[in-house]
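Listed below are the residues making up each chain.
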Amino acid sequence: MKLINIGFGNMVSANRLLAVISPESAPIKRIIQDTRDRGMLIDATFGRRTRAVLVMDSGHVILSAIQPETVAGRIGGKAEASAVGDGDD
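Residues numbered from 1 in each chain as written. Predicted model: local features only at pLDDT ≥ 70, side-chain atom pairs only at ≥ 80, totals over all residues. Heavy atoms only, no water.

**Q** Help me out: how do you make sense of the overall build of the protein in this one?
**A** The helix and strand inventory of the protein stands at two helices and six strands. With 89 residues in all, the protein has 35% of them scored as buried. A separation of at least 24 residues holds for 49% of the contacts in the protein among residues at least 6 apart in sequence. Here the protein has roughly 5200 Å² of accessible surface; of this, 54% comes from carbon and sulfur atoms. (Helix = DSSP H or I, 4+ residues; strand = E, 2+ residues; numbered from the N terminus. Buried < 20%, exposed > 50% of the residue type's maximum accessible area, 1.4 Å probe, protein only. Contact = heavy atoms within 4.5 Å. Areas by Shrake-Rupley, 256 points an atom, 1.4 Å probe, with all protein chains shown as cover.)

This is how it looks when you write it as structure tokens:
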């Protein structure tokens, strides 16, 4: 099982991850609200701005404070230098 760091020491299983999405559009905001109402939302932003929304195969939605591109790079196994403001501070 491969784990992906989504910021602040939080990890998700790469095998269970369906999508990594930017939270800017209205449909994604509706998905976040619907998931919150069902009790299936996991907020891993530690009070920071949400920059990526992770959709899991279990129906859970996880909010992350790191950029979707950074999460995608970590899925691919690329070693990345920590970008300014990526949420790992």
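**Q** Explanation requested: the packing of aromatic side chains in the structure shown.
**A** For any pair of aromatic rings, geometry is given as the distance between the ring centres together with the angle between the planes. Counting across every chain of the model gives one aromatic pair. Plain terms: the ring middles of Phe 8 and Phe 46 are 5.0 Å apart, the flat faces sit at 35 degrees to each other, and that makes the pair tilted. One end of the pair, Phe 8, is in the loop between strand E1 (3-7) and strand E2 (10-13); the other, Phe 46, is in the loop between strand E4 (41-43) and strand E5 (52-56), with 38 residues separating them in the sequence. Residue classification places Phe 46 among the exposed residues on the basis of a relative accessible area of 53%. (Phe/Tyr/Trp six-rings, centres within 6.5 Å; stacked < 30°, edge-to-face > 60°.)

**Q** What am I meant to see in the side chain of Arg 74 here?
**A** Locating Arg 74 in the fold gives a position in helix H2 (residues 68-75). Polar contacts involving the side chain of Arg 74 include one to the main-chain carbonyl oxygen of Asn 5, which spans 2.8 Å. (Polar contact = N/O pair within 3.5 Å; in protein donor to acceptor, adjacent residues only side chain to side chain.)

**Q** It is not clear to me how helix H1 (residues 26-38) should be interpreted in this structure. Could you clarify?
**A** Residues lying three or four places apart along an α-helix face the same way, a consequence of the helix completing one turn every 3.6 residues. In this model, H1 (13 residues) spans 18 Å end to end at C-alpha, consistent with the 18 Å of a helix rising 1.5 Å per residue. For H1, the complete set of buried residues consists of Ile 28, Ile 32 and Thr 35. For H1, the angular spread of the buried residues around the axis is 70 degrees, confining them to a single face. Those residues of H1 that are exposed and angled more than 90 degrees off the buried face are Arg 30, Asp 37 and Arg 38. (Expected span 1.5 Å × (residues − 1). Arc of directions from axis to C-beta.)

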